[in-house]
Amino acid sequence: MYLIKDHSLENRIFLNRIIAAFCLITLLSSGLIIRLIYLQIVGNEHYSLLAKDNSIKIVPLVPTRGMIYDRNGKVLAENTPSYSLELIPEKITNIDETLLRLQTLLEIPADKIELFQKSRKRQKRFVSTPLLLSMNDEELAKFAVVRPYFPGVDIHTRLVRHYPYSDLAAHIIGYVSRINEAELKDLPISEYRGSTHIGKLGIESSYENDLHGKTGYAEIETNVQARLLNTINEVNPDPGADLYLTLDIDLQKTAYDALTGYNGAAVAIDIKTGGVLAFVSRPGFDPNPFVVGITNDAYQALQKSENQPLYNRALRGLYPPGSTIKPFIALAGLEFDAITPEQQINCPGYYQLPGVDHQYRDWKKGGHGSVNLNQAITESCDVYFYRLASMLGIDHMHSFLQKFGFGEKTGIDLMGEKTGLLPSREWKLAQKKQSWYPGETLITGIGQGYLQVTPLQLARATATLANHGHIVTPFLVDKIVRAHETSPGPETHQNTIALKKANINTVIDGMINVVHSQHGTAKGINTNINYQIAGKTGTAQVLGIKQNAKYNENSIDFKFRDHALFISFAPANEPKIAVAVIVENGGHGGSVAAPIAGQVIKQYLKDNYEN
Amino acid sequence: MKTETRHEHFEPPSLLGTILRKLHIDIPLFIGLMLASSLSFVILYSAGSQDMDVLFRQAERVGLAFVLMTIIAHIDPYQFKRYSTLLFGFGVLLLIAVLIMGQIGKGAQRWLDFGILRFQPSEMIKLTTPMMIAWYLAEHAMPPKPKHIGVAVLLIALPTLLIAKQPDLGTALLVVSSGAGVLFFAGLSWLFIAAIIAVCSALTPVLWHFMHDYQRDRVLTFLNPEADPLGRGYHIIQSKIAIGSGGIYGKGWLGSTQSELDFLPESSTDFIFAVFAEEFGLFGGLSLLTLYLLIIARCLYIASQAQDSYSRLLASSLSFTFFVYVFVNIGMVIGVLPVVGVPLPLISYGGTSIVTLLSGFGILMSIHTHKKYR
């Protein structure tokens, strides 16, 4: 080692440091000792009092959950008092025996007992734990008589979540239900001590933090028998915030009722703000049983139902958009200068790619003859759009549709939204390990093939079109009202797609003709209005039809029938509302889906903009 | 020559003494450790609801730890020095492995599972970090120059950040203090120390500014546990009642009433001092603290007698870290320090920390009993 070290200096420094460390250790230890003396001599009397005969128990004070209202202040979720049978484990000598005696007296299903045992284990022994929620009068009377023989068992009044509109808006509002063990692990323990329920779905889940409120507590002196003596200190809970939604529950009911008998979805949004006015998924389900604990049979029935009532079709349903994609393809054609509005294309009833035998058929046998863009939209000519798609190519179509939000989440304040699928060359290569075929471009042009959209995406894209390219984020919560402050709902993003005004007007004119011209595919809904509705019908194939086969609605199984779609906005010259409707296996868009949208539009404009 | 006589001084001329010398055991330190470990069984019996299984499991680990200590005491300190960098590098690699496995397993992970053997690399790094820093600083003249300080700080930061990410703040704190301890004993200038303290206190408000609300809440709960009596603060409140009600002489062995309360899950591990102080009072608390201080004094003495820079830096840092253990745990239980997961050394129930601790004492014994090497 060539290192020159000054050993005497090093020794001196080191010894100094040892001494310094010793001094520091002594100093810090003295601090500990002083604290111990303070606790054990000065504080001994105080702490002994708390520890010996009496001890302090900290009892959580559960906050009241916030209410949920619609845009007009109608109650969508409330807390109603309900009588529950509760046990305080600490006061009961033999819990199993008590439970058996209670079972002979009242009808208590086994799963309730199991639930009770589970929640008992995670609570402190002195916390009252519910066994039966929402007791009826008969049960109340039965227990009241024998109450003295059941020490530690009592009837409590608890606030239970109630959804007055039942199945009407269950997919949006969601529901609260008992906290399960998996959730318990991720919850802030102190915030949920004493809470029995948590939002599981919809607004109840995505706004759980706002709705729940802040748990308070009381420090209570108790003696050995856990009898409450007096409250030393109390910190009141902060009640949860009330939520006001953009939803119009009357409009929701109209759309819901209009879809009776079908599976499907309808979404209506306020074009200017993005606020969701109606958000229907049929069939619905009653969320109320989930609050008190749905029986296993009832839950299995919902789960296994062929119609999948628990499935939020408006948010998560994936459908081919069918012809409702055509206005967007037409606009792409104009924007990319692939066609002019006047350009005529001949429709003989089928389209063929050069050098290929396969015939891509039009829905109308024999064809539409020579059509321009406006007519092509009005009559929904497939051949026109095969041709246009082939001129645009998949790359242009993909980039243009992407701007309208297809293939990505809209960002609505609900959890579990699906992204849909906007196919591209890259996507196909990555997912299917195949290159893109020209035929796939054609069928994408009429909204078939790989393309999949959610009803919400379709409504948002329609609003964007009506808005001349201005994109809004759909949202449900308009304002969050706390005791001392009101804050707005979620942050929404706004963005504008650069589009030529003339091009948009051309497309919108086509969409107006869909509803208001003699040849329009949805002319049935133009009655009793003094404004214009712009729309586009769609009929999406569920089943692939063979080259020479014929689609016969009556001869095939119901579940393979076409989906009926309709997108629309109104008034056409000053748009207020955009509506997208999808009726599963409904058949034709014009006859089944359009009337539903028409009803929603007419009611909304009448209620909000007439007088 | 002088060393020889001093060596004689601590050796009782008995058969046992001869055996212990052959075993490279330092008698005073050994007695202190044995006392503390025996005390551990006494308290655990009470705190663990008189469950003999708890004692058996603890005995297994303590036994293993004492064997390991003896083995380590046999190794010539020169070998520690020689393999310092290798061991440190290996430890860091294992920490990275743990972190990656944690990412895959989605969740906090501190263990490496080798099937039959489960291993916690952060425990090993508690020893290898001071070894590494001591080796590095001993290579250069002391007091360390700014350049060497910089390198040492980076070497400490690497394992610390890896552990803090696990996240295991208690262990991260111990690793930092073991590394910083080496720097301190190497003669880090007081000016520098003052500067670091100044910079840290200046950075606090800046850090505060960048924190999320929930992080601020957590810090506030650290500072004032009573503000969260349903969560973290619950332990502290109950622990203070237990200690305070113990008084001067305590409620006697098995007389603890408060450990029957809800903080029982922690009463055998991190909060065991509360049970001890309740049962044995101020008198017991002070006795335990005195025992700790005697052990630390003996360790510092061993450090002061060490013959080369590496050994003395390592020995002094290990002694100091032991004190940090004691101080942070007791400080937390009596409510003057924030709650971080640091066990009460030699007393708390729990396997890995006692193995590491006694390995550290093994190193100290090795340094003290192998003096003739050059």
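In short, a report on the structure.

### Some words on the overall build of chain A
No. 1: Helix and strand counts for chain A stand at 22 helices and 23 strands.
No. 2: Every one of the 611 residues in chain A was classed for burial, and the buried ones make up 42%.
No. 3: Pairs at least 24 apart in sequence give 74% of the contacts found in chain A among residues at least 6 apart.

### Regarding the sheet that holds strand E23 (residues 577–583) of chain A
Residue and element names in this part refer to chain A.
No. 1: Pairing is antiparallel in the open sheet, where five strands are placed in the order E12-E11-E23-E22-E21. Whereas interior strands pair on both sides, the edge strands pair on one side only; in this sheet they are strand E12 (276–282) and strand E21 (534–540). For this sheet, the mean angle separating the axes of adjacent strands, direction not counted, is 5°.
No. 2: Bridging between E21 and strand E22 (residues 563–570) involves seven bridges; their strand directions are antiparallel.

### With respect to the nonpolar core
No. 1: Counting residues in each nonpolar core, the largest one holds 140 residues, and the members touching the most others are Ala266(A) and Ala268(A).
No. 2: In terms of residues, this core owes the most to one element, helix H17 (residues 382–403) of chain A, which gives 10 residues.
No. 3: Lining this core are residues from two domains, each supplying at least three of them: domain 1 (59–244) and domain 2 (249–609) of chain A.
No. 4: Apart from residues lying up to four places away in sequence, Ala266(A) is in contact with Ala255(A), Leu259(A), Ala278(A), Val280(A), Val579(A), Val581(A), Ile596(A) and Val600(A).
No. 5: Residues Ile156(B), Ile296(B), Phe320(B) and Val324(B) belong to the second largest nonpolar core, which totals 103 residues.

### Quick word on the interface of chain B and chain A
No. 1: Every contact between the two is made by 43 residues of chain B and, on the other side, 39 residues of chain A.
No. 2: Of all the secondary-structure elements, those providing two or more residues to the side of chain B that touches chain A are helix H8 (169–185), helix H11 (232–246), helix H13 (272–305) and helix H14 (309–333) of chain B.
No. 3: The element best represented in the side of chain B that touches chain A is H13(B), accounting for 10 residues.
No. 4: Classifying every residue of the side of chain B that touches chain A by side-chain character gives 25 nonpolar, 14 polar and four charged.

### As for the packing of helix H3 (residues 27–47) of chain B against helix H4 (residues 52–74) of chain B
Residue and element names in this part refer to chain B.
No. 1: The N-to-C vectors of H3 and H4 enclose an angle of 160°; their axes lie 10 Å apart at closest approach. The angle between H3 and H4 places the two elements in the roughly antiparallel class. Handedness of the crossing formed by H3 with H4: right-handed. Residues Ser37, Ser40, Phe41, Leu44 and Tyr45 of H3 touch H4, and the partners they reach there are Val54, Leu55, Gln58 and Val62.

### A closer look at H14(B)
No. 1: With 25 residues, H14(B) should reach 36 Å at 1.5 Å per residue; the first-to-last C-alpha distance of 36 Å fits that figure.
No. 2: Downstream of H14(B) by a residue or two, Gly335(B) has a phi angle that is positive, lying close to 80°.

### Some words on the packing of H17(A) against helix H19 (residues 438–445) of chain A
Residue and element names in this part refer to chain A.
No. 1: The geometry of H17 relative to H19 is characterised by a closest axis approach of 8 Å and an angle of 110° between their N-to-C directions. By the angle between their directions, the pair H17 and H19 is classed as roughly perpendicular. Across the interface between the two elements, Phe385, Tyr386, Leu388, Ala389, Ser390, Gly393, Ile394 and Met397 of H17 pack against Pro438, Thr441, Leu442, Thr444 and Gly445 of H19.
No. 2: Looking at the contact of H17 with H19, its residues break down into eight nonpolar, five polar and no charged.

### Description of unusual backbone geometry
All names here are of chain A.
No. 1: Arg282 connects to Pro283 through a cis peptide bond whose omega is -5°.
No. 2: Summarising the element assignment, Pro283 is placed in the loop between E12 and helix H12 (288–292).
No. 3: Going from Ala570 to Pro571, the amide bond is cis rather than trans, its omega being -15°.
No. 4: Looking at where Pro571 falls in the secondary structure, it is placed in the loop between E22 and E23.
No. 5: The backbone of His468 sits at a positive phi, close to 60°, despite the residue not being glycine.
No. 6: Position of His468 among the secondary structure elements: in the loop between helix H20 (455–466) and strand E17 (470–471).
No. 7: The backbone phi angle of Asn585 is positive, close to 50°, even though this residue is not glycine.

### Some details on the environment of Gln117(A)
No. 1: Relative to the assigned elements, Gln117(A) resides in helix H4 (residues 110–122).
No. 2: Along the chain, Gln117(A) and Leu131(A) lie 14 residues apart, while their C-alpha atoms are 8.9 Å from each other.

### Considerations on helix H21 (residues 501–516) of chain A
Working note: α-helix, 3.6 residues per turn, so residues spaced by three or four point in the same direction.
Residues and elements named next belong to chain A.
No. 1: Taking 1.5 Å per residue, 16 residues should reach 22 Å; H21 reaches 22 Å between its end C-alpha atoms and fits that length.
No. 2: Every buried residue of H21 is accounted for by Asn503, Thr506, Val507, Ile508, Gly510, Met511, Ile512, Asn513, Val514 and Val515.
No. 3: Tucked inside the fold, the buried residues of H21 contact helix H15 (326–335), helix H16 (373–379) and E21.

The rules behind each value
- Residues numbered from 1 in each chain as written.
- Chains lettered and ligands numbered in written order.
- Predicted model: local features only at pLDDT ≥ 70, side-chain atom pairs only at ≥ 80, totals over all residues.
- Helix = DSSP H or I, 4+ residues; strand = E, 2+ residues; numbered from the N terminus.
- Buried ≥ 20, exposed ≤ 12 C-beta atoms within 10 Å, placed from the backbone.
- Contact = placed C-beta atoms within 7 Å.
- Pairing = 2+ DSSP bridges.
- Axes fitted to C-alpha atoms, helices over the stretch in contact; angles between N-to-C directions.
- Core = buried A, V, L, I, M, F, W, Y, C linked by C-beta atoms within 7 Å.
- Domains from an automatic or database assignment.
- Nonpolar A, V, L, I, M, F, W, Y, C, P; charged D, E, K, R; others polar.
- Parallel < 35°, antiparallel > 145°, perpendicular 65-115°, else oblique.
- Left-handed = near helix turned anticlockwise from the far one by under 90°.
- Expected span 1.5 Å × (residues − 1).

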